[in-house]
Amino acid sequence: MYRILKPILFSLDPETAHHAALASLKLSKPFLPLFSPRLRVKDARLIRMVFGLKFPNPVGLAAGLDKEGELADAWGELGFGFAELGTFTAHPQEGNPRPRIFRLPAQRALINRMGFPNSGAEAAAKRLSALRKSGRWPSVPIGINIGKSKLIPLEEAVEDYLESLQHLLPYADYVAVNVSSPNTPSLRKLQEAKPLKKLLNAVVKAASGKAVLVKLAPDLEEKPLKEAAEIALSSGCAGLIAANTTLSREDLPEGAYPDGGLSGAPLREKALKTLKTLARFTRGRVPLVAVGGIFTAGDARQRMEAGASLVQVYTGYIYEGPSLPARLCRGLLEKPTSNMKPPRH
Ligand SMILES: Cc1cc2nc3c(=O)[nH]c(=O)nc-3n(C[C@H](O)[C@H](O)[C@H](O)COP(=O)(O)O)c2cc1C
């Protein structure tokens, strides 16, 4: 099916295609249970217990695809083991001017400079509250990814994150603190020791025992990366996500490219390196979530063998289509990793 749909979607401007795909998914929600058996792989060997949560499989939807949380109840039906919604900001915002997503089909990559367009944490909370009341709350864990509103100065970032959290915590199985998107001016400065410590201490405290994860950039050198991980650990964070998009173009053929964060196949090695550095440093003290350039079961296995408990996909999903989570799960089952034993009961 996606083989027929993809050329149509890829003939549209990327953001129009994105909205068209989400709109058709929304319309097809009532019929998802019909497709679900083919898209969802159920097997005890895929179950992961991480952050005290039960994940039916380790393949999650990465942040940024369901920016408004409008399809929160669909991702599990579509075969994902969890979904990270957002990034949400305390203030509603339009994001950067269009065009702001670019396809690089030959490289199986995307460049985006979205800048967190979203209708704000309060509106998202209302939507998620309605979903809960409807009785269709997702059966897979839901991550709530929060970031800084563009209009708020960096010095007031903590209060801004806390405002989002206050609205959205009731709907979070885990909270992802996004300090690594390259498209909000200065956001990445929050990865520096002093502001990071202040932010994470406050978020962990406000999260009242729920797991808080930090999403880091693949562009951090080893020393600041380790420093950020050390702060995350000492602040009581439950996990780390490696990684967000990269500003580097070194893994692309020489040429002129739009500004923004690069994702997909050219991010694979950088994201893997970031994960390996974190794994070496954290030595199992906190679970790691791997994201960046995952297209195949081999990619997912490699990340899990490098220390990831869970993986996430975004760009791979755009290029490979809705069968990707099932394909990754089946591939992992064919050749399980050492950390894929069935859970003890
Ligand atoms: C169009 C687009 C929008 C994104 N928006 C967000 C976002 O809002 N928050 C976030 O934490 N990551 C965002 N990301 C980053 C992804 O979650 C992921 O970390 C990155 O794309 C690497 O994974 P991939 O190679 O599988 O795409 C976005 C990525 C893309 C391509």
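A quick note: this is a predicted structure, and the numbers were derived from the prediction, not measured.

> Can you explain the pairing of strand β13 (residues 308–313)? Please cite residues and give values.
A regular strand places its side chains on the two faces of the sheet in alternate fashion. Of all six residues in β13, six are buried, a share of seventy percent or more. Relative to β13, strand β3 (residues 59–61) is paired through three bridges, and the arrangement is parallel. Within β13, the position partnered with Gly60 by the bridge is Gln312. In this structure, strand β12 (residues 288–291) lies alongside β13, joined through four bridges in parallel fashion.

> Can you tell me about the site of the ligand, naming the residues and giving the values?
Neighbouring residues of the ligand: 23 residues in total, closest Ala63, Thr87, Lys215, Gly293 and Thr315. Between the ligand and Ala63 there is a distance of 2.7 Å, counted from an oxygen atom to a backbone nitrogen or oxygen. Here Asn145 contributes a side-chain N or O atom positioned 3.1 Å from an oxygen atom of the ligand. For the ligand, whose accessible area on its own is 600 Å², the fraction buried by protein is 98%.

> Talk me through the packing of aromatic side chains; I want residue IDs and the actual numbers.
Using the criterion set out here, one finds 10 aromatic pairs in the structure. Judged by centre distance (6.1 Å) and plane angle (45°), the ring pair of Phe51 and Tyr174 falls under tilted. Here Phe51 is found in the loop between β1 (48–50) and β2 (53–55), whereas its partner Tyr174 is found in strand β8 (residues 174–178), with 123 residues between them in sequence. Taking the relative accessible area as the measure of exposure, Phe51 reaches 18% and is therefore buried. Each member of the aromatic cluster is reached from another via a ring pair, and the members are Phe51, Phe55, Phe82 and Tyr174. Its guanidinium or amino end placed over the ring of Phe10, Lys6 lies 5.1 Å from that ring's centre, counting from NZ or CZ. The ring centre of Phe10 lies 4.4 Å from the NZ or CZ of Arg103, which sits over that ring.

> Any details on the sheet that holds strand β5 (residues 101–104)? Residues and values, ideally.
One open sheet accounts for three strands, arranged β5-β6-β11; its pairing is antiparallel. If you trace the sheet from one side to the other, it starts and ends with β5 and β11 (261–264), each paired once. Direction aside, the axes of adjacent strands within the sheet are offset by 25° on average. Where β5 meets strand β6 (residues 109–112), four bridges bridge the pair, whose relative direction is antiparallel.

> Please set out the nonpolar core residue by residue, giving values where relevant.
In terms of nonpolar packing, the biggest core is built from 102 residues, with Phe51, Trp75, Leu85, Ile144, Tyr161, Leu168 and Leu240 touching the most fellow members. Ignoring sequence-local partners within four residues, the contact set of Ile144 consists of Leu85, Phe88, Leu128, Leu168, Tyr171, Ala172, Tyr174, Val175 and Ala176. The next biggest cluster of nonpolar side chains, apart from the first, holds six residues, and it includes Leu104, Ala109, Ile111 and Leu262.

> Could you give me a rundown of the packing of helix α6 (residues 193–206) against helix α7 (residues 222–234), with the residues and numbers involved?
Between α6 and α7, whose axes approach to 9 Å, the crossing angle comes to 25°. As summarised for this structure, α6 and α7 are arranged roughly parallel, according to the angle between their axes. Crossing of α6 against α7: the hand is right-handed. Taking contact as the criterion, the partners of Ala193, Leu196, Lys197 and Leu200 in α6 are, on α7, Glu227, Ala228, Ile231 and Ala232. Of the residues that constitute the contact of α6 with α7, the class distribution is six nonpolar, no polar and two charged.

> Let's hear about the sheet that holds strand β7 (residues 142–146): which residues, and what values?
Strand order around the closed barrel formed by eight strands is β3-β4-β7-β8-β9-β10-β12-β13, with parallel pairing between neighbours. Recorded for the sheet is a direction-independent mean angle of 25° between the axes of neighbouring strands. Examined bridge by bridge, β7 and β8 share four bridges and lie parallel to one another. The residue of β8 that forms the bridge with Asn145 is Ala176. Across the sheet, helix α8 (residues 268–282) touches β9 (211–216), β10 (239–242), β12 and β13, and the angle it forms with β12 is around 170°.

So, how was this worked out
- Residues numbered from 1 in each chain as written.
- Predicted model: local features only at pLDDT ≥ 70, side-chain atom pairs only at ≥ 80, totals over all residues.
- Heavy atoms only, no water.
- Buried < 20%, exposed > 50% of the residue type's maximum accessible area, 1.4 Å probe, protein only.
- Helix = DSSP H or I, 4+ residues; strand = E, 2+ residues; numbered from the N terminus.
- Pairing = 2+ DSSP bridges.
- Near = heavy atom within 4 Å.
- Polar contact = N/O pair within 3.5 Å; in protein donor to acceptor, adjacent residues only side chain to side chain.
- Areas by Shrake-Rupley, 256 points an atom, 1.4 Å probe, with all protein chains shown as cover.
- Phe/Tyr/Trp six-rings, centres within 6.5 Å; stacked < 30°, edge-to-face > 60°.
- Lys NZ or Arg CZ within 6 Å of the ring centre and 35° of its normal.
- Axes fitted to C-alpha atoms, helices over the stretch in contact; angles between N-to-C directions.
- Core = buried A, V, L, I, M, F, W, Y, C linked by side-chain atoms within 4.5 Å.
- Contact = heavy atoms within 4.5 Å.
- Parallel < 35°, antiparallel > 145°, perpendicular 65-115°, else oblique.
- Left-handed = near helix turned anticlockwise from the far one by under 90°.
- Nonpolar A, V, L, I, M, F, W, Y, C, P; charged D, E, K, R; others polar.

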